[in-house]
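Listed below, chain by chain, are the residues.
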Amino acid sequence: MIIAEIAQAHDGSLGNAHAFIDALATTGVDAVKFQTHIAEAESSSFEPFRIKFSKQDETRFDYWKRMEFTPDQWKGLKDHCHEKGMQFISSPFSVAAVDLLNEIGVDAYKIGSGEIANKLMLERIAKTGKPVIMSSGMSTMYELEEAISWLNEQNVDLSILQCTTAYPTDPEQWGLNMIGKLKEKFNMPVGFSDHSGDIFACLAAASLGAELFEFHVVFDKRQFGPDSIASISIDDTSRLCKGIKQIKKSLSHPVDKNDDTKFKELKRIFGKSLAVNKKLEIGHSITMDDLESKKPGDKGIPANQFSSILGRKTKRKMEKWEFLNFEDLN
């Protein structure tokens, strides 16, 4: 599954949110992910800005308030995704948001790593019976084990994403080694949540067996917002989707290097046969200095058998560049 995260890139504009859905429908992604914020349920006047990027919001609470949509507006976004053939996924940050998303028919919940220990919210999500995608982000292995064990006890359809909470994420922070480790440890679908701001990390993750891919998208990386620097453009999203799908197709079709049947004709065309590089008289004893290799590979003695004819004598006169066959030799 390839998931494009809009998050707050819409900047509180419903029109922008719908525009993202239209644009992403052309890229090949399977799902669009939002973040569902209900300021009064989630935040308070005491919450600080992670990054003070906004010149129009006095507090972080004000910002979350501006990111809200009404239930009807959220349902419209969900319906728009479905009309375009994409799943609608969202990250709730409060119990109230879980209930809102369940009411409108969200396809799956994404749990941000900051919410892994929020058992109150996890309890409500588990009761919905919806699939859950959980990000490992800033959590320790112990915290992951605890959350996964609890969700498994609730029979939740669960997937996990290797993720690093850094915006943007540098290559030494990607943690690609964790993809295999998480698969082995938890025996469930494992993917990669990317904040690098480019397409390379997800492509690398695909080659290592990741099964889900999540990344932030923007129309332009210069646009306003806290995640723009860690996002990729719509055009790059198309390239990334194409790359992931080609890598996954490649991995599902391993090559047998012992089977060359498909190359039989090409090997004939590009193969080399022995020829003589000068005129030779009857009875001439063949040396390496007399030989050349020429295409195609089925007109004379195979070039790799040259040593077997050294010292043998010609039965007939031979012209320069003529192919050499066993019947020409004693």
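Residues numbered from 1 in each chain as written. Predicted model: local features only at pLDDT ≥ 70, side-chain atom pairs only at ≥ 80, totals over all residues. Heavy atoms only, no water.

Looking up the protein chain in an unreviewed UniProt entry gives the name N-acetylneuraminate synthase, with the organism given as Algoriphagus faecimaris.

Engineer: How should helix α1 (residues 14-24) be read in this particular structure?
Structural biologist: Side chains three or four residues apart in an α-helix point the same way, a direct result of the helix having 3.6 residues per turn. Looking at α1, one finds that the buried residues are Ala17, Phe20, Ile21, Ala23 and Leu24. End-on view of α1: buried residues confined to an arc of 165°, all on one side of the axis. Residues of α1 that are buried make contact with β1 (2-7), β2 (31-36), α4 (71-83), β8 (213-218) and α10 (234-251). (Buried < 20%, exposed > 50% of the residue type's maximum accessible area, 1.4 Å probe, protein only. Helix = DSSP H or I, 4+ residues; strand = E, 2+ residues; numbered from the N terminus. Arc of directions from axis to C-beta. Contact = heavy atoms within 4.5 Å.)

Engineer: I tried to follow the pattern of salt bridges on my own but got confused; where do I start?
Structural biologist: Between side chains of opposite charge, a pair can form when the charged atoms approach closely. In total, this model carries 22 salt bridges according to the counting rule given. The shortest N-O distance in the salt bridge between Asp99 and Arg124 comes to 2.6 Å. Of this pair, Asp99 sits in helix α5 (residues 95-104) while Arg124 sits in helix α6 (residues 119-128), and the two are 25 residues apart along the sequence. On the basis of relative accessible area, Asp99 is assigned to the partly exposed category, the value being 33%. The shortest N-O distance in the salt bridge between Arg316 and Asp328 comes to 2.8 Å. Here Arg316, found in the segment after β11 (291-294), pairs with Asp328, found in the segment after β11; they are twelve residues apart in sequence, far enough to count as distant. Assessed through its relative accessible area of 7%, Asp328 is described here as buried. Each of Lys75, Lys78 and Asp79 takes part in one network of salt bridges that share partners. (Salt bridge = Lys/Arg side-chain N within 4 Å of Asp/Glu carboxyl O.)

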